[in-house]
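Observations on the three-dimensional arrangement
Here's the letter readout for the chains.
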Amino acid sequence: MTSRTPIIAGNWKMHNTIAQAAELVTALAKVENKNNAEIIVAPSYPSLNIATRLLKDTPIQVAAQDVHWEDKGAFTSAVSAGQAKDAGATLTLIGHSERRSVFGDTDEILNKKVAAALRHGLKVIFCVGETLQEREANKTLEVVEGQLKNGLAGFTAEQLNGIIIAYEPVWAIGTGKTATPDQAQEVHAAIRSYLTKTYGAAFGAATRILYGGSVKDTNVDEIMAKEDVDGALVGGQSLIAEKFARIINFNK
Ligand code: 13P
């Protein structure tokens, strides 16, 4: 069995000033990491640079929350993958459900964003997940598979090597409702089997699949205990150093 290094990632969304970001990463830099997890923080753009500089001598990695699909041009308010990289990010989220639902990012747009990130050498954390309506209509696996198929269309296993998938059921984000460990495991197993079928056994076995949606210090252990859950993408609790520290140090 391939052993996969766990990943604990914090998506700060539209929170934290530069001073608050500095304070938070300074606290995180001192946190123990008993599971030798890969730790990632995703600040908003204005704080990417300070976070990177303060985390320079630590293993904590910094991600952007999104990038535009073009390298430059007249795209007011957008940030390119090259700019995110220049600010210090080594990874980026793509396809977070808030990008999909609030900003209208379609599979086609996300596919171009993945291309932009890869072009600039940013590792991608590609997010998928169903709405409550889709879950209730028994469409979860179909929806998630469609998001993977369309969002990652046209890339080879070699190009996608190292990609991280985050399964975030939309109904569990910021709602306090967490998928049960069994619900998460079912979807994670389906994602892994899709990756195996599409990109080969080694790719399927090596790819880390994170769960996101109301992950807390109090539920992380049972979620991380599931075979195909390789990490967590944390929103709210990643803003609180002590809570995120406990999540990083989940009990196996
Ligand atoms: P919450 O942990 O606040 O539910 O957010 C999850 C999320 O969207 C992380 O990307």
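To be clear, the structure that these remarks concern was listed above.
Starting afresh in each chain, residues are numbered from 1 along the sequence in its written order. Local features in this predicted model are restricted to residues whose pLDDT is 70 or higher, and side-chain atom pairs enter the listing and the counts only when it is 80 or higher, whereas totals over whole chains, interfaces and linings include all residues. Water and hydrogen atoms were dropped before computing side-chain values, which therefore reflect all heavy atoms in the structure.

1. Structural notes on the overall build of the chain
Just so we agree on the cut-off: Put simply, DSSP marks the helices as runs of H or I at least four residues long and the strands as runs of E at least two long, and each gets a number from the N terminus on. It is over C-alpha atoms that the radius of gyration is taken, and the globule rule equals 2.2 Å times the number of residues to the power 0.38. Residue contacts are defined here by distance: any two heavy atoms, one from each residue, within 4.5 Å place the two residues in contact. Accessible surface is estimated by sampling points in the Shrake-Rupley manner with a 1.4 Å probe; for residues, cover comes only from the protein chains shown. For the purpose of counting charges, residues Lys and Arg are taken to be positive, whereas Asp and Glu are taken to be negative. His and the chain ends are not included. Each charge is placed at NZ for Lys, CZ for Arg, CG for Asp and CD for Glu.
The helix and strand inventory of the chain stands at 12 helices and 8 strands. At 17 Å, the chain has a C-alpha radius of gyration in line with the 18 Å of a compact globule built from 252 residues. The principal-axis extent of the C-alpha atoms belonging to the chain is close to 45 × 45 × 35 Å. Taking contacts inside the chain between residues at least 6 apart in sequence as the whole, the part at least 24 apart equals 71%. Here the chain has roughly 11,500 Å² of accessible surface; of this, 53% comes from carbon and sulfur atoms. Between the centroid of the 26 positive side chains of the chain and the centroid of its 28 negative side chains there is a distance of 3 Å.

2. Observations regarding the pattern of salt bridges
Side chains that carry opposite charge are capable of pairing whenever their charged atoms lie near each other. So the rule is basically this: Salt bridge criterion: a side-chain nitrogen from Lys or Arg within 4 Å of a carboxyl oxygen from Asp or Glu. Summary of the burial criterion: residues with accessible area below 20% of their type's maximum are buried, those above 50% are exposed, and those between are partly exposed, where the area comes from a 1.4 Å probe applied to protein chains only.
In this structure the tally under the stated criterion is 17 salt bridges. Residues Asp-71 and Arg-119 are paired through a salt bridge, measuring 2.8 Å at the closest nitrogen-oxygen approach. Linking Asp-71 in the loop between β3 (61-64) and α3 (81-86) with Arg-119 in helix α5 (residues 107-119), this pair joins segments that are 48 residues apart in sequence. On the basis of relative accessible area, Asp-71 is assigned to the partly exposed category, the value being 36%. Of the charged contacts, one joins Glu-145 and Lys-197 as a salt bridge, the two residues approaching to 3.2 Å between their closest N and O atoms. Taken together, the residues span a long stretch of sequence, with Glu-145 in helix α7 (residues 140-151) and Lys-197 in helix α9 (residues 181-199) at a distance of 52 residues. For Lys-197, a relative accessible area of 61% corresponds to the exposed category. Because the salt bridges share partners, they merge into one network encompassing Arg-4, Arg-192, Asp-228 and Asp-230.

3. Description of the environment of Arg-4
As a reminder of what qualifies: Polar contacts, as counted here, are pairs of nitrogen or oxygen atoms within 3.5 Å of one another; within protein the pair requires one atom able to donate a hydrogen and one able to accept it, and residues that are adjacent in sequence qualify only if both atoms are side-chain atoms.
The residue Arg-4 is located in the segment before β1 (7-11) in this model. Taking relative accessible area as the criterion, Arg-4 reaches 19% and is therefore assigned buried. Considering only alpha carbons, one finds Arg-4 and Gly-88, 84 residues apart in sequence, at a separation of 25 Å. Contact partners of Arg-4, with chain neighbours within four places excluded, come to Arg-192, Ala-205, Ala-206, Thr-207, Arg-208, Glu-227, Asp-228 and Asp-230. Among the polar contacts made by the side chain of Arg-4, one reaches the main-chain carbonyl oxygen of Ala-205 at a distance of 2.8 Å. A polar contact is formed between the side chain of Arg-4 and the backbone oxygen of Glu-227, at a distance of 3.3 Å.

4. Points about the site of the ligand
Short version of the rule: Any residue with at least one heavy atom within 4 Å of a molecule or strand is counted as near it. Throughout, the ten residues Ala, Val, Leu, Ile, Met, Phe, Trp, Tyr, Cys and Pro are labelled nonpolar, Asp, Glu, Lys and Arg are labelled charged, and all others, Gly among them, are labelled polar.
Not every one of the 13 residues close to the ligand is listed here, only the nearest: Lys-13, His-96, Gly-174, Ser-214 and Gly-236. Asn-11 is positioned such that a nitrogen or oxygen atom in its side chain is 3.0 Å from an oxygen atom of the ligand. Among the residues forming the shell around the ligand, the class breakdown is 4 nonpolar, 7 polar and 2 charged.

5. Looking at the pairing of β3
Our working rule: Following DSSP output, two strands are said to pair if at least two bridges run between them. A right-handed crossover is one whose linking path, passing over the helix from the first strand to the second, runs clockwise when the strands point away from the viewer.
Every second residue of β3 is oriented toward a common face, with Gln-61 and Ala-63 on one face and Val-62 and Ala-64 on the other, all of them buried. As paired elements, strand β2 (residues 38-42) and β3 share 2 bridges and run parallel to each other. Across the sheet, residue Val-41 finds its bridge partner in β3, namely Val-62. The sheet contact formed by β3 and strand β4 (residues 91-94) spans 2 bridges and is parallel. If you follow Ala-64 over to β4, its bridge partner there is Thr-92. Between the parallel elements β3 and β4, the chain passes through α3 in a crossover that is right-handed.

6. So, helix α1 (residues 18-28)
Ala-21, Ala-22, Leu-24, Val-25 and Leu-28 are the residues of α1 that are buried. Packed against the buried residues of α1 are β2, α2 (48-54) and α12 (241-248).

7. Here we look at the pairing of strand β5 (residues 123-128)
Counted residue by residue, β5 has 5 buried out of 6 residues, so it is predominantly covered. Taken together, the 4 bridges between β4 and β5 define a ladder with parallel strand orientation. When the bridges of β5 are listed, Leu-93 appears paired with Ile-125. The pairing of β5 with strand β6 (residues 164-167) spans 4 bridges and is classified as parallel. Residue Val-128 lies in a different strand from β6, and its bridge partner there is Tyr-167.

No statement about biological role is implied by the geometric values presented.
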